[in-house]
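Examination of the molecular architecture
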Amino acid sequence: MVLTVNDEKHPGKVAGVFEQESSAQAAITLLKTKGDFTAEEVALVVPKDERFAQKVEPDYKGIGRTLITSHLRFGAVGLALGLIVAAILSQYGPALTTSSPVMVFIALAMGGTFLGLMLAGLMTLRPDHDGVINKTRQATNNHQWTVIVQTKNDDQNKRARELLGSAALSVSDTF
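So, a few notes on the structure that sits alongside this text. (Residues numbered from 1 in each chain as written. Predicted model: local features only at pLDDT ≥ 70, side-chain atom pairs only at ≥ 80, totals over all residues. Heavy atoms only, no water.)

What to know about the overall build of the protein chain
The following threshold applies: For helices the rule is a DSSP run of H or I covering at least 4 residues; for strands it is a run of E covering at least 2, with both sets numbered from the N terminus onward. Here the globule rule reads 2.2 Å times residues to the power 0.38, and the radius of gyration is calculated from C-alpha atoms. In this scheme, a residue with accessible area under 20% of its type's maximum is buried, one over 50% is exposed, and one in between is partly exposed, where area comes from a 1.4 Å probe on protein chains only. Contacts: residue pairs with any heavy atoms within 4.5 Å of one another. With residues, only the protein chains shown are counted as cover, and all accessible areas are computed by Shrake-Rupley using a 1.4 Å probe. Charge assignment: positive for Lys and Arg, negative for Asp and Glu; neither His nor the chain ends contribute. Here the site of a charge means NZ on Lys, CZ on Arg, CG on Asp, or CD on Glu.
In terms of regular secondary structure, the protein chain is built from 7 helices and 4 strands. Each helix and strand of the protein chain, placed in order from N terminus to C terminus, yields the pattern β-α-β-α-α-α-α-α-β-α-β. The C-alpha radius of gyration of the protein chain comes to 22 Å, more than 25% above the 16 Å expected for a compact globule of 175 residues. A burial count over the protein chain gives 40% of its 175 residues as buried. Put simply, of all contacts in the protein chain between residues at least 6 apart along the chain, 80% involve residues at least 24 apart. For the protein chain, the computed accessible surface area is about 10,300 Å², with 64% contributed by carbon and sulfur atoms. In the protein chain, 17 side chains carry a positive charge and 17 a negative one; their mean positions are 2 Å apart.

Section: the pattern of salt bridges
Proximity of charged atoms lets side chains of opposite charge pair with each other. Definition in use: What counts as a salt bridge is simple: a side-chain nitrogen of Lys or Arg found within 4 Å of a carboxyl oxygen of Asp or Glu.
One pass over the full model with this rule turns up 3 salt bridges. The residue Glu41 makes a salt bridge to Lys152 at a minimum N-O spacing of 3.9 Å. In this pair, Glu41 is assigned in the loop between α1 (21–33) and β2 (42–45) and Lys152 in the loop between β3 (145–151) and α7 (154–165), connecting sequence segments 111 residues apart. Between Asp173 and Arg161 there is a salt bridge, and its shortest N-O distance comes to 3.7 Å. With Asp173 in strand β4 (residues 170–173) and Arg161 in helix α7, this pair connects stretches of sequence that are 12 residues apart.

Details of a nonpolar patch on the surface
Using the following cut-off: Think of a patch as exposed residues, more than 30% relative accessible area, with no salt bridge, where like charges cluster within 9 Å and nonpolar side chains (Val, Leu, Ile, Met, Phe, Trp, Tyr) cluster within 5 Å.
On the surface, Val77, Leu81, Ile84, Ile88 and Tyr92 cluster together into a nonpolar patch covering about 550 Å² of accessible area. Of note, Tyr92 is situated in helix α3 (residues 60–92).

A closer look at unusual backbone geometry
Here Lys48, not a glycine, exhibits a phi torsion of approximately 55 degrees, which is positive. Turning to its location among the elements, Lys48 is positioned in the loop between β2 and α2 (52–56).

Notes on α7
Going by this rule: In this analysis, the expected span of each helix is defined as 1.5 Å times one less than the number of residues it contains. Note that the arc is computed from the directions linking the helix axis to the C-beta atoms. What qualifies as a polar contact is a pair of N or O atoms within 3.5 Å, subject to a donor-acceptor requirement within protein and to the restriction that residues adjacent in sequence count only when both atoms come from side chains.
Under the 1.5 Å per step criterion, the end-to-end length of α7 is 16 Å for 12 residues, consistent within 8% with the ideal 16 Å. Those residues of α7 not exposed but buried are Gln156, Asn157, Ala160, Leu163 and Leu164. End-on view of α7: buried residues confined to an arc of 140 degrees, all on one side of the axis. Relative to its buried face, α7 has exposed residues pointing more than 90 degrees away, namely Asp154, Asp155, Lys158 and Glu162. Buried residues along α7 sit against β1 (12–18), α1, β3 and β4. Its side-chain oxygen at 3.2 Å from the backbone nitrogen of Asp155, Asn153 defines the N-terminal cap of α7.

What about the pairing of β2?
Quick note on the threshold: Between any two strands, at least two bridges found by DSSP are needed for them to pair.
The side-chain alternation of β2 yields two buried faces, one formed by Val42 and Leu44 and the other by Ala43 and Val45. Examined bridge by bridge, β2 and β3 share 4 bridges and lie antiparallel to one another. When the bridges of β3 are listed, Val42 appears paired with Val149.

With respect to the sheet that holds β1
Under the convention used in this document: To get an axis, a line is fitted to the C-alpha atoms, and for a helix only the part in contact is used. The angle between two axes follows their N-to-C directions and goes from 0 to 180 degrees.
Judged by pairing direction, the sheet is antiparallel, and its 4 strands sit side by side in the order β2-β3-β1-β4 without closing on themselves. In this open sheet, the two strands that pair with only one neighbour each are β2 and β4. Neighbour-to-neighbour, the strand axes of this sheet turn through a mean angle of 20 degrees, independent of strand direction. Strand contacts of α7: β1, β3 and β4, with the helix running at about 5 degrees to β1, the strand carrying the most contacts.

Some points on the nonpolar core
Inclusion rule: Nonpolar cores were defined as sets of buried Ala, Val, Leu, Ile, Met, Phe, Trp, Tyr and Cys residues, with membership established by side-chain atoms within 4.5 Å.
Phe18, Leu31, Val147, Val149 and Leu164 are the most contacted members of the largest nonpolar core, which totals 17 residues. Those elements that place two or more of their residues in this core are β1, α1, β2, β3 and α7. A per-element tally of this core places α1 first, with 4 residues. In contact with Phe18, not counting residues within four places along its chain, are Ser23, Ala24, Ala27, Gln144, Trp145, Val147, Leu164, Ala167, Ala168 and Leu169. Membership of the second largest hydrophobic core comes to 7 residues, among which are Ala15, Phe52, Val56 and Val132.

Next comes the structure, spelled out in structure tokens:
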């Protein structure tokens, strides 16, 4: 059984910044023909683009699902681990834990749940996306074009990076 927490269709991103629109359009054609990317996976962010957010993060519903499922799953796992550790400590632990098992269960259940929720929040924030978003925003403010590729896995990420890297001014990606 595989436990997936990320419900996004395309969790990775690669962005290439171009000085001219013609170079960006050529890169899009290259990505579609040699990279086997679909039109839905490739977007062109133009200078002062009004649809900036939709092009950079098109799967906002997937991000919402990831937020909910990760918090539910990691919170439940944290609670379960806290209860297991509390049971072990209240049975075999030091005198402090065996003399007041209810307090141990309360403290470790809350602590485990809290840690699970913190981990889920960290995973949902996706700090690896900040570099791509910030470079794209900077490029659009500097009257440059950015090609954004939504990737499903590391192989697609690597392929998009290689194809964009030959012609782009700069390339950034998520991990």
